[in-house]
Structure formats: structure tokens, C-alpha cells
Amino acid sequence: QNTPQLRAMSTGPAAGEKLFDTVLVANRGEIACRVIKSCRKLGIRSVAIYSEPDRYSMHAQMADEAYCVGPAASAQSYLNIDKIMEVIEQSGAQAVHPGYGFLSENH
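Remember, it's a predicted structure, so these values are computed and weren't measured experimentally. (Residues numbered from 1 in each chain as written. Predicted model: local features only at pLDDT ≥ 70, side-chain atom pairs only at ≥ 80, totals over all residues. Heavy atoms only, no water.)

1. Considerations on the environment of Gln61
Put simply, the test is: Under the DSSP-based scheme used, a helix requires at least four consecutive residues in state H or I and a strand at least two consecutive residues in state E, with every element numbered from the N terminus. Note on contacts: a residue pair qualifies if any of its non-hydrogen atoms lie within 4.5 Å across the two residues.
Note on placement: Gln61 falls in helix α2 (residues 58-62). Excluding anything up to four places from it in sequence, Gln61 contacts Arg55 and Tyr56.

Have a look at this one:
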């Protein structure tokens, strides 16, 4: 007789297993710092993006890697999707945290 085999359906990673090991944080300031701290606690590498004037900001200094995405104007930096996609590819980030504002509210 052919009896169908039942397989357990996975609802996520096993205990202690990570879905990804590198997150790009697409924000700046306190929100980015909080996300980076949380990543560190979970053993996940963080990648920050920053505009030219934000080069020495706290979030850029805290992250494992940081990439400049453009000039001060947010439309040319933090909202520059093409540049952010380049950074995702260059850094090997497997996930993106949009933070608040910028990408999370860009309609």
C-alpha cells in the first residue's frame, strides 16, 4: 500500500537558529541605533547607510559596516532606492529594516 507520508510544516527557524545574519538598517538617528543594538544582541551583523553630513553620526559608527548613499537631501540619499539596492548587494545584507519615516512611510 502507498501510505502518504506526513511532513512537519516549518513555522520558522529552530530554536537558536537565525533566518539571516546581516541586516541593512535603512534609517538614521536613535531608531537606527536601537535596531543596531538589537542586532548585536542577537548576533546579527548590521549595515548602516548614511548621507554625507551623517558620516560621523552615532548609527554609522555603531554598525558593523556603513555606506554613504548620497548628499544631505533625503530624496538623494535615504530615499535613493537604487543606491540602497547597491549597498544591499555590496554588503551581502539578507534583510532590510526600514525603521520609521523614510522607506517605511515612502508611498
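2. Let's talk about helix α3 (residues 81-91)
Turn by turn, an α-helix covers 3.6 residues, leaving residues three or four places apart pointing in a common direction. Counted only if it meets this: Per-residue accessibility, obtained with a 1.4 Å probe over protein chains only, is compared with the maximum for each type, and a residue is labelled buried under 20%, exposed over 50%, and partly exposed between these values. Comment: arc refers to directions from the helix axis out to C-beta atoms.
Of the positions making up α3, those classed as buried are Ile84, Val87, Ile88 and Ser91. Take α3 and look down its axis: the buried residues cluster within an arc of 105°, on one side only. More than 90 degrees from the buried face of α3, the exposed residues found are Asp82, Met85, Glu89 and Gln90. Count one or two residues on from α3 and you reach Gly92, which has phi positive near 80°.

3. Regarding the pairing of strand β1 (residues 22-25)
Here is the rule we go by: Two strands qualify as a pair provided that DSSP identifies no fewer than 2 bridges between them. Handedness of a crossover: with both strands directed away from the viewer, a clockwise path from the first strand across the helix to the second marks it as right-handed.
Covered by surrounding structure in β1 are Thr22 and Leu24 together with Val23 and Val25, the residues of both alternating faces. In the sheet, β1 pairs with strand β2 (residues 45-51) via four bridges, with the strands oriented parallel. By the bridge assignment, Val25 is partnered in β2 with Ala48. Between β1 and its parallel partner β2, the chain crosses via helix α1 (residues 29-42), and the hand of that crossover is right-handed. Pairing analysis gives three bridges linking β1 to strand β4 (residues 95-97), with the strands arranged parallel. The residue bridging Val23 from the neighbouring strand is Ala95, located in β4.

4. Digging into the pattern of salt bridges
Keep this limit in mind: Salt bridge, as used here: a side-chain nitrogen of Lys or Arg that lies within 4 Å of a carboxyl oxygen of Asp or Glu.
Under the criterion given, the structure shown has four salt bridges. For the salt bridge of Arg34 with Glu30, the shortest nitrogen-to-oxygen distance reads 3.0 Å. Residue Arg34 and its partner Glu30 are both found in helix α1; the two are separated by four residues, about one turn of the helix. For Arg34, a relative accessible area of 52% puts it in the exposed group. Across the pair Glu65 and Arg45 runs a salt bridge whose closest N-O atoms are separated by 2.0 Å. Here Glu65, found in strand β3 (residues 65-70), pairs with Arg45, found in strand β2; they are 20 residues apart in sequence, far enough to count as distant.

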